[in-house]
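# Geometric and topological summary
Listed below are the residues making up each chain.
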Amino acid sequence: MKKIIALFVCIVTLSLLLLAGNAAAYNAAFTHTDYQGSAMPTLDGKYTTNAEYSAGASLGFGTDGVFRDIWASSGNVFENFILETMDTTDDATDSYTICYDSNADGGSTPKTDDFKIVITGHGASATVAWFKGTGTAWATAATPAATIFDFKESLATSPTSSTPHYMVEAKVDKQDTTAFGAVIIGMEFGMRIAYTDASTGTTQAWPPAPATADNPDGWGYVPYSMEPVPESLSTVIILALSSFAVVAGAVLIKKPKTIALKFNR
């Protein structure tokens, strides 16, 4: 009997250690499901109709940031996302940042399966820079071909808000291995998103500080679903209150209502 008890204790201990190891790979308090879309969104930098991203989930972050994504097939499988910010000021150094941990294996510094995409500026003059982890830091990397990665940025209205605001839309080929010798975004991955407004000097991010772009262990976890977001998870839009983001981490939305926002600059 003592041997059986000892064996049971060993098994439980090993299980707890494995769970602890997995938890350290990302911040499990921040989870966002990547749902399957039936069609590829039109890549124009705008969220024109609910239908474009209605199959997916909406993630609120910071005070007024909203992120939506779906994965869909068009030959290869693409990750599609649109990141909205209620910023209306045209600053050349405004920037969007999205980080991917392809294998959700974390790390205190960027590993070779980690990527950072920084889009700076607005409209047709917006530029993009790619970075790849070395194991200890970020190194600049060549931007993949437009067939693998592409983006558009605009000032427009959307189902989120009737006030024109800046947003960026992008797509990434989840199956391509030609650009970096490995996939950029795995089936389930770690992620961090952020927007820096030069006018206010503030950065809104998911997960919020103290998480940073340099420490994948602090990024959120993104599992996938082969179905669109369930109707039962539909809810009215909650625009990224910091307190909400800390407690819940993600907001799932089926058909967001149009809202008007007023900001003092």
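What you see is a predicted model; the values in this text were computed from it and never measured. (Residues numbered from 1 in each chain as written. Predicted model: local features only at pLDDT ≥ 70, side-chain atom pairs only at ≥ 80, totals over all residues. Heavy atoms only, no water.)

## Focus: the pairing of strand 3 (residues 65–74)
- In terms of residue burial, strand 3 counts as a mostly covered element, since eight of its ten residues are buried.
- When strand 2 (residues 57–61) meets strand 3, the two strands line up antiparallel, connected through five bridges. Each residue of the ladder has a partner; that of Ala 57, found in strand 3, is Asp 69.
- Joining the antiparallel neighbours strand 2 and strand 3 is a turn of three residues, in which Gly 62 adopts a positive phi near 65°.
- In terms of strand pairing, strand 3 meets strand 4 (residues 76–84) through nine bridges, oriented antiparallel. (Buried < 20%, exposed > 50% of the residue type's maximum accessible area, 1.4 Å probe, protein only. Helix = DSSP H or I, 4+ residues; strand = E, 2+ residues; numbered from the N terminus. Pairing = 2+ DSSP bridges.)

## Comments concerning the pairing of strand 10 (residues 165–173)
- Here strand 10 lies mainly inside the structure; eight of its nine residues are buried.
- Bridge count between strand 4 and strand 10: seven bridges; the pairing is antiparallel. Paired with Leu 83 across the strands is Val 168, a residue of strand 10.
- In this sheet, strand 10 lies alongside strand 9 (residues 149–156) in antiparallel orientation, the contact comprising eight bridges. Counterpart to Ala 156 in the pairing with strand 10 is His 165.

## Considering the packing of aromatic side chains
- In total, this model carries 13 aromatic pairs according to the counting rule given.
- On the numbers, 5.7 Å between centres and 85° between planes, the contact of Tyr 47 with Tyr 53 is edge-to-face.
- When the ring of Trp 130 is compared with that of Phe 180, the centres are 5.7 Å apart and the planes differ by 25°; the resulting orientation is stacked. Residue Trp 130 is found in strand 7 (residues 127–133), and its partner Phe 180 is found in the loop between strand 10 and strand 11 (189–197); the two are separated by 50 residues along the sequence.
- Taking relative accessible area as the criterion, Trp 130 reaches 1% and is therefore assigned buried.
- By the ring-pair criterion, three or more aromatic residues cluster together here, those being Phe 115, Trp 130, Phe 149, Phe 151 and Phe 180.
- It is Lys 116 that lies over the ring of Phe 131; its NZ or CZ is 4.8 Å from the centre.
- Here the guanidinium or amino end of Lys 171 rests over the ring plane of Phe 78, the centre of that ring lying 5.1 Å away. (Phe/Tyr/Trp six-rings, centres within 6.5 Å; stacked < 30°, edge-to-face > 60°. Lys NZ or Arg CZ within 6 Å of the ring centre and 35° of its normal.)

## Quick notes on the pattern of salt bridges
- Per the counting criterion, the structure on display carries three salt bridges.
- A salt bridge links Glu 84 to Arg 68, with the shortest nitrogen-to-oxygen separation between them at 2.7 Å. Linking Glu 84 in strand 4 with Arg 68 in strand 3, this pair joins segments that are 16 residues apart in sequence. The pair Glu 84 / Arg 68 is uniform in exposure class, with both members buried.
- Ionic pairing is found between Asp 150 and Lys 152, a salt bridge with its closest N-O pair at 3.6 Å. (Salt bridge = Lys/Arg side-chain N within 4 Å of Asp/Glu carboxyl O.)

Nothing here speaks to function; it is geometry throughout.
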